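One letter stands for each residue in the lines below.
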Amino acid sequence: MDSPEALAAALREAGYLADEELATVAHLARAMERPLLLEGEPGTGKTALAEALAQVTDAPLIRLQCYEGIDATQALYDWDFGRQILHLRTLEAAAASSDTNALEIETTERSLFDERFLLARPVLQALRTTPSVLLVDEIDRADDEFEAFLLEVLSGWTVTIPELGTIRARTPPTVVLTSNRTRELHDALKRRCLYHWIDHPGLEREVAIVRSRLPEVAETLARQVAGCVQRLRGEPLLKPPGVAETLDWARALERLGAETLDLDAASRTLGAVVKYREDTIRAREALTRILAA
């Protein structure tokens, strides 16, 4: 995959249809060993791209799900305190019948922070695994301090564990950061990354996505579902449906044996498309207009 076209073809085989711009920026992120920052509305395929990249590169996908209050411990490493305590009690029992000198005490203290007691979290796992794809999902949910920590790691591809020393990635992982833009990210992080905004696909691309991911869905039904979702995105909904909802809706209708999209089938499966009560009411009214046309 030494070109954007080759990467796009590999992603297509994995069921992910990337346009020319997205395939190019993803290729450059890998070639330049730079993180790829993807922003866009929920359900536009940001996380799915990282999953597809892991599949086509035959690399493990290591996912770090961000949330409010996350800190370096959850992202980097921690110590298995339960096993450390058991280890300490075992050493105490063995030394109970013998005199313990200062050297033995120091050796015991060092043994408590041995590699076997280290709990590697996603960032450390990615640095120690070659190759790997690190997905930092919804980075906009984390706070400024975590963003600064992540920037430091991504700048040098190293982490320092005081008890063990510095760990450096032999080959930097492919890093994909996603953001739903609930807040603006700092310029320092953005400068470190290559950037791409993923928008909702056009009708033909969305039909192709449904046909690629759900080949059991008839083309007529796939086109009707995609066209209906495209229209619903123009309605004043609290959360417009993304591609993920399009796939869920097509899959639900296919499981019910529907061959075409009518008002009755659409109303019964509306829970696959909208997730708020207010949106359900608005969507039912819109579907009456759309499917009656």
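Residues numbered from 1 in each chain as written. Predicted model: local features only at pLDDT ≥ 70, side-chain atom pairs only at ≥ 80, totals over all residues. Heavy atoms only, no water.

The chain appears in an unreviewed UniProt entry as MoxR family ATPase from Myceligenerans indicum.

Chemist: What is the right way to look at the packing of aromatic side chains in this model?
Modeler: Aromatic ring pairs are described here by two measures, namely the spacing of the ring centres and the angle between the planes. Under the criterion given, the structure shown has three aromatic pairs. Where Y77 meets W79, the ring centres are 6.2 Å apart and the plane angle is 80°; that geometry is what we call edge-to-face. Each member of the pair, Y77 as well as W79, is classed as buried. Taken together through their ring pairs, the aromatic side chains of Y77, W79 and F113 make up a single cluster. (Phe/Tyr/Trp six-rings, centres within 6.5 Å; stacked < 30°, edge-to-face > 60°. Buried < 20%, exposed > 50% of the residue type's maximum accessible area, 1.4 Å probe, protein only.)

Chemist: Even after reading the chapter, I still don't get the pairing of strand β9 (residues 194–198), so can you show me in this structure?
Modeler: The side chains of a regular strand alternate, first on one face of the sheet and then on the other. Burial along β9 is one-sided: L194, H196 and I198 are buried, while Y195 and W197, pointing the other way, are not. Pairing of strand β1 (residues 36–40) with β9 involves five bridges; the strand directions are parallel. What sits directly across from L38, in β9, is H196. (Helix = DSSP H or I, 4+ residues; strand = E, 2+ residues; numbered from the N terminus. Pairing = 2+ DSSP bridges.)

Chemist: Quick question: what am I supposed to make of helix α2 (residues 20–32) here?
Modeler: In an α-helix, one turn spans 3.6 residues, which is why side chains three or four residues apart end up on the same side. The first and last C-alpha atoms of α2 sit 18 Å apart over 13 residues, in line with the 18 Å expected at 1.5 Å per residue. Those residues of α2 that fall on the buried side of the exposure criterion are L22, A23, V25, A26, H27 and A29. Lining the buried residues of α2 we find α1 (4–13), β1, α3 (46–56) and β9. One or two residues past the end of α2 sits E33, with phi positive at roughly 55°. (Expected span 1.5 Å × (residues − 1). Contact = heavy atoms within 4.5 Å.)

Chemist: Looking at this structure, I do not really get the sheet that holds strand β2 (residues 61–65). What am I missing?
Modeler: Reading across the sheet, the five strands line up as β2-β5-β8-β1-β9 and stay open at both edges, with parallel pairing between neighbours. The sheet is open, and its two borders are formed by β2 and β9, each paired with just one other strand. Mean inter-strand twist for the sheet, computed between neighbouring axes without regard to direction, equals 20°. Note that strand β5 (residues 133–137) and strand β8 (residues 174–179) share four bridges and pair parallel. Bridge pairing in β8 links L134 to V175. (Axes fitted to C-alpha atoms, helices over the stretch in contact; angles between N-to-C directions.)

Chemist: For this particular structure, what's the right way to read the pattern of salt bridges?
Modeler: Should the charged atoms of two oppositely charged side chains come close, the side chains can pair. A full pass over the atoms with the stated rule returns 17 salt bridges. Across the salt bridge formed by E184 and K190, the nearest N and O atoms sit 3.3 Å from each other. Given the relative accessible area of 24%, K190 is considered partly exposed. Across the pair R268 and D264 runs a salt bridge, and its minimum N-O distance is 3.3 Å. Placement of the pair is R268 and D264 together in helix α13 (residues 263–268), with a separation of four residues, close to one helical turn. (Salt bridge = Lys/Arg side-chain N within 4 Å of Asp/Glu carboxyl O.)

Chemist: Would you explain the nonpolar core in this entry?
Modeler: Within soluble globular proteins, side chains that are nonpolar generally end up buried alongside one another. In this structure, V123, V136, I139, F146, L150 and L177 are the most contacted members of the largest nonpolar core, which totals 35 residues. Those elements giving two or more residues to this core turn out to be β2, β3 (77–79), α7 (122–128), β5, α8 (144–156), β6 (158–161) and β8. Here this core takes six residues from α8, the largest share from any one element. Residue contacts for V136: discarding those within four places in its chain leaves L64, C66, L150, V175, V176, L177 and T178. Grouped together as the second largest cluster of nonpolar side chains are 29 residues, L214, A265, V274 and A286 included. (Core = buried A, V, L, I, M, F, W, Y, C linked by side-chain atoms within 4.5 Å.)

Chemist: I would appreciate a short explanation of the state of the cysteines in the present structure.
Modeler: For the structure on display, the rule yields zero disulfides. In this model C66 remains outside any disulfide bridge; the closest cysteine sulfur is found in C193, 12 Å from its own. (Disulfide = S-S within 2.5 Å.)

Chemist: Can you walk me through helix α12 (residues 243–255) in this structure?
Modeler: Counted at 1.5 Å a residue, the expected span for α12 with its 13 residues is 18 Å, and the 18 Å between its end C-alpha atoms agrees. The complete set of buried residues in α12 reads V243, E245, T246, L247, W249, A250 and L253. Residues of α12 that are buried sit in contact with α10 (203–213), α11 (219–232), α13 and α14 (277–292). Downstream of α12 by one or two residues, G257 has phi in the positive range, about 85°.

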